[in-house]
Amino acid sequence: ASVRADVTRAQLVAPVVGKIIKTLQKVYRDKGVNCLQEMDDQARFYGDQGDLMEFLGNLLENAFKYCHGTVSVRVECDRVESGTRQPLSISIGDDGAGIPESEWKRVLGGGERQDQQQQGQGIGLSVADDIIRLYGGELEIGRSDLGGAEIRVSFSNG
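Residues numbered from 1 in each chain as written. Predicted model: local features only at pLDDT ≥ 70, side-chain atom pairs only at ≥ 80, totals over all residues. Heavy atoms only, no water.

(A) Spotlight on the environment of Ala149. Within the secondary structure, Ala149 sits in strand β7 (residues 149-155). With 57 residues separating them along the chain, Ala149 and Ile92 place their C-alpha atoms 8.2 Å apart. The residues contacting Ala149, other than those within four sequence positions of it, are Ile92, Gly93, Asp94, Gly98, Ile99, Gly142 and Ser144. (Helix = DSSP H or I, 4+ residues; strand = E, 2+ residues; numbered from the N terminus. Contact = heavy atoms within 4.5 Å.)

Listed below in structure tokens is the structure:
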């Protein structure tokens, strides 16, 4: 897939993450999710704000949906000389049941659901993965320090 042409616009990531978290805390109010945030205010995504909101929304919503009560979000950018595009990495973790390693490839395959209790996770992840790949980024599934799933997204912005 070719990388999207419209990558000249740099979007600050932290305010977008903040907005989505505020919304999700209302949606999942009864759950009282504690969201741990470590954000580099300078971190930028080079691309369409709608795409940024869509993949972050999908990933954060999964974390809120499947966590037992804690979600962590880390947004970092590697400092390079100013004026150059900094590599961006975003990690979203939770303290839920996690995604078994045997399922990682399949979940990203799209549209498949692990089981009825995990309804919908596959679709959100594959949509997010598709958007991230359009920008030459990478999505990896891992285990969070909190015990659940951790989704790591990285863009070299080269």
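(B) Looking closely at the packing of aromatic side chains. On inspection of all chains with the given rule, the structure shows five aromatic pairs. Between the aromatic rings of Phe45 and Phe55, the centroid separation amounts to 5.7 Å while the plane-to-plane angle is 70°, which identifies the pairing as edge-to-face. One end of the pair, Phe45, is in strand β3 (residues 44-46); the other, Phe55, is in helix α2 (residues 49-66), with ten residues separating them in the sequence. Take Phe45 and Phe55: they sit in the same class, and that class is buried. Ring centres of Phe45 and Tyr135 lie 4.9 Å apart, and the angle between their planes is 70°; on these two criteria the pair is classed as edge-to-face. (Phe/Tyr/Trp six-rings, centres within 6.5 Å; stacked < 30°, edge-to-face > 60°. Buried < 20%, exposed > 50% of the residue type's maximum accessible area, 1.4 Å probe, protein only.)

(C) View of the pattern of salt bridges. Under the definition given, this model contains four salt bridges. For the salt bridge of Glu103 with Arg106, the shortest nitrogen-to-oxygen distance reads 2.4 Å. Residue class for Glu103 comes out buried when judged on its relative accessible area of 17%. Residue Arg106 is classed as partly exposed on the basis of its relative accessible area of 27%. (Salt bridge = Lys/Arg side-chain N within 4 Å of Asp/Glu carboxyl O.)

(D) Representation of the pairing of β7 in the model. Counting buried positions along β7 yields five of seven residues, so the element is predominantly enclosed. Here strand β5 (residues 88-94) runs beside β7; their pairing, made up of six bridges, is antiparallel. From the neighbouring strand, Leu88 faces β7, where its bridge partner is Phe155. Examined bridge by bridge, strand β6 (residues 138-143) and β7 share six bridges and lie antiparallel to one another. By the bridge assignment, Arg143 is partnered in β7 with Ala149. Remark: five residues form the turn of the hairpin made by β6 and β7, two consecutive strands paired antiparallel; Gly147 in that turn has positive phi of roughly 110°. (Pairing = 2+ DSSP bridges.)

None of this, on its own, says anything about what the molecule does.
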